[in-house]
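# Fold and geometry: a report
One letter stands for each residue in the lines below.
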Amino acid sequence: MRIGFIGLGGMGRPMVEHLLAAGHELHVWARRPASADFLPTEVPRAASPAELARQCEIVCTNVTSSADVAGLAAQLIEGFAPGGLHIDFSTIAPAVARALAARYAERGIDFVDAPVSGGTAGARAKTLAIMWGGREELSARLEPLFACIGKTAVHVGAAGAGQVAKACNQLIMVSVLEATAEAARLASAAGIDFARVRTALLGGSAGSRVLDLFGDKMAARDFTAGVEARLHHKDFALMLGEATQQSIPMPVGGAVLQQLNALMAAGWGRDDTSRLLCVLERANQ
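Remember, predicted model here, so these are calculated numbers, not experimental data.

Rules of the game
- Residues numbered from 1 in each chain as written.
- Predicted model: local features only at pLDDT ≥ 70, side-chain atom pairs only at ≥ 80, totals over all residues.
- Heavy atoms only, no water.
- Helix = DSSP H or I, 4+ residues; strand = E, 2+ residues; numbered from the N terminus.
- Rg over C-alpha atoms; globule rule 2.2 N^0.38 Å.
- Buried < 20%, exposed > 50% of the residue type's maximum accessible area, 1.4 Å probe, protein only.
- Areas by Shrake-Rupley, 256 points an atom, 1.4 Å probe, with all protein chains shown as cover.
- Lys, Arg positive; Asp, Glu negative; His and termini not counted.
- Charge placed at Lys NZ, Arg CZ, Asp CG, Glu CD.
- Contact = heavy atoms within 4.5 Å.
- Arc of directions from axis to C-beta.
- Disulfide = S-S within 2.5 Å.
- Axes fitted to C-alpha atoms, helices over the stretch in contact; angles between N-to-C directions.
- Parallel < 35°, antiparallel > 145°, perpendicular 65-115°, else oblique.
- Nonpolar A, V, L, I, M, F, W, Y, C, P; charged D, E, K, R; others polar.
- Core = buried A, V, L, I, M, F, W, Y, C linked by side-chain atoms within 4.5 Å.

## Observations regarding the overall build of the protein
Looking only at helices and strands, one finds 12 helices and eight strands in the protein. Relative to its length of 285 residues, the protein is compact, with a C-alpha radius of gyration of 20 Å against a globular reference of 19 Å. Overall, the C-alpha framework of the protein stretches about 65 × 45 × 35 Å when taken along its three principal axes. Taken across its 285 residues, the protein has 47% of its residues classed as buried. Carbon and sulfur atoms make up 55% of the accessible area of the protein, which totals about 12,900 Å². Counting 26 positive and 27 negative side-chain charges, the protein places the averaged centre of each group 4 Å from the other.

What follows is the structure, given as structure tokens:
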């Protein structure tokens, strides 16, 4: 397929590399041209998002915020021909995804929200979990592309449903991360080595990928970012925004957001979210 890509950061770069390795024809647009320097010179660089959409049947975006995606969509829509497809791998507000899908539909263009879970390590290893929203009829068109970058791809509903699924993912994952930090703090306060506690817990019902990966970082006090905490903070705000719209109480999610707020206020937003342990430690000082 002829695929355009915007967003060549920690997640986007390995995704593009996998698409190229699979034999797809890639075109890119980069707000910072230097971010595309890793690509072979024969990969075309478009002059604008609209030009990229004119050149490609599919354009993928992987950027940071709802505003970023909406701003790009406003330009892409001017370049797409009817039958075009915008796949957004970003994590944005479900309401924004729904609005973009409706606007595109007026022009005969499809929009798919396809946020991913697995972080940069999953992007490099092609093991991302993809949860997507959009017209189910697009499945046959999407499956070959998703197979290049992820391990699983599940259609969860209409446009916006992928973002709701990602909100659920973040709610569970970061809440378990906070519980892991509290367990580490409890063990330390009792004079017990959390590394040993973690090893014991991994063999029982508390064992999880979060305890394995983030618990290890807490035990080693290695807070270099796997996923920067500011992104989890952003995701939690989106999740609680959707919950507010649906009038759903989120007692655990609300408490975890307050801990993320404290992490951000401490200036640790670009560190790993395992820094939540330090928020608890600071509270006892």
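## Considerations on the environment of leucine 145
Within the secondary structure, leucine 145 is located in helix α6 (residues 139–149). Judged by its relative accessible area of 1%, leucine 145 falls in the buried class. Considering only alpha carbons, one finds leucine 145 and serine 247, 102 residues apart in sequence, at a separation of 36 Å. Ignoring anything within four residues of it in the chain, the contact list for leucine 145 reads Met1, Ile3, Leu19, Ile58, Cys60, Ile87 and Phe89.

## Structural notes on the environment of phenylalanine 80
Here phenylalanine 80 lies in the loop between α3 (66–76) and β4 (85–88). Note on phenylalanine 80: relative accessible area 8%, which makes it buried.

## Points about α3
Within α3 the residues assigned to the buried category are Ser66, Val69, Leu72, Ala73 and Leu76. Projected onto a plane normal to the axis of α3, the buried residues spread over an arc of 135 degrees and lie on a single side.

## Side note on the state of the cysteines
Enumeration according to the criterion identifies zero disulfides in this entry. In this model cysteine 56 remains outside any disulfide bridge; the closest cysteine sulfur is found in cysteine 60, 9.3 Å from its own.

## A few points about the side chain of aspartate 235
As for its position among the elements, aspartate 235 is in helix α10 (residues 229–245). If we ignore the near neighbours within four places in the chain, the residues touching aspartate 235 are Thr91 and Gln170.

## Regarding the packing of helix α11 (residues 251–265) against helix α12 (residues 276–283)
Running from N to C, α11 and α12 cross one another at 85 degrees; their axes reach a closest spacing of 9 Å. Compared by their axis directions, α11 and α12 come out roughly perpendicular. Contacts between α11 and α12 involve Gln259, Leu260, Ala262 and Leu263 on the former and, on the latter, Leu276, Val279 and Leu280. Looking at the contact of α11 with α12 residue by residue, the class counts come to six nonpolar, one polar and no charged.

## Some points on the nonpolar core
It is characteristic of soluble globular proteins that their nonpolar side chains tend to be buried jointly. Within the largest apolar cluster, 31 residues are counted, with the highest numbers of intra-cluster contacts made by Phe5, Ile87, Phe89, Leu145 and Phe146. Of all the secondary structure elements, the ones that give two or more residues to this core are β1 (2–6), α1 (12–21), β2 (25–29), β3 (58–61), β4, β7 (128–133) and α6. When residues in this core are grouped by element, the largest group, five residues, is from α6. Here phenylalanine 89 is in contact with Phe5, Met15, Cys60, Thr61, Asn62, Ala114, Pro115, Val116, Leu145, Phe146 and Ile149, once residues within four sequence places are set aside. In this structure, Ala184, Met218, Leu277 and Leu280 belong to the second largest nonpolar core, which totals 26 residues.

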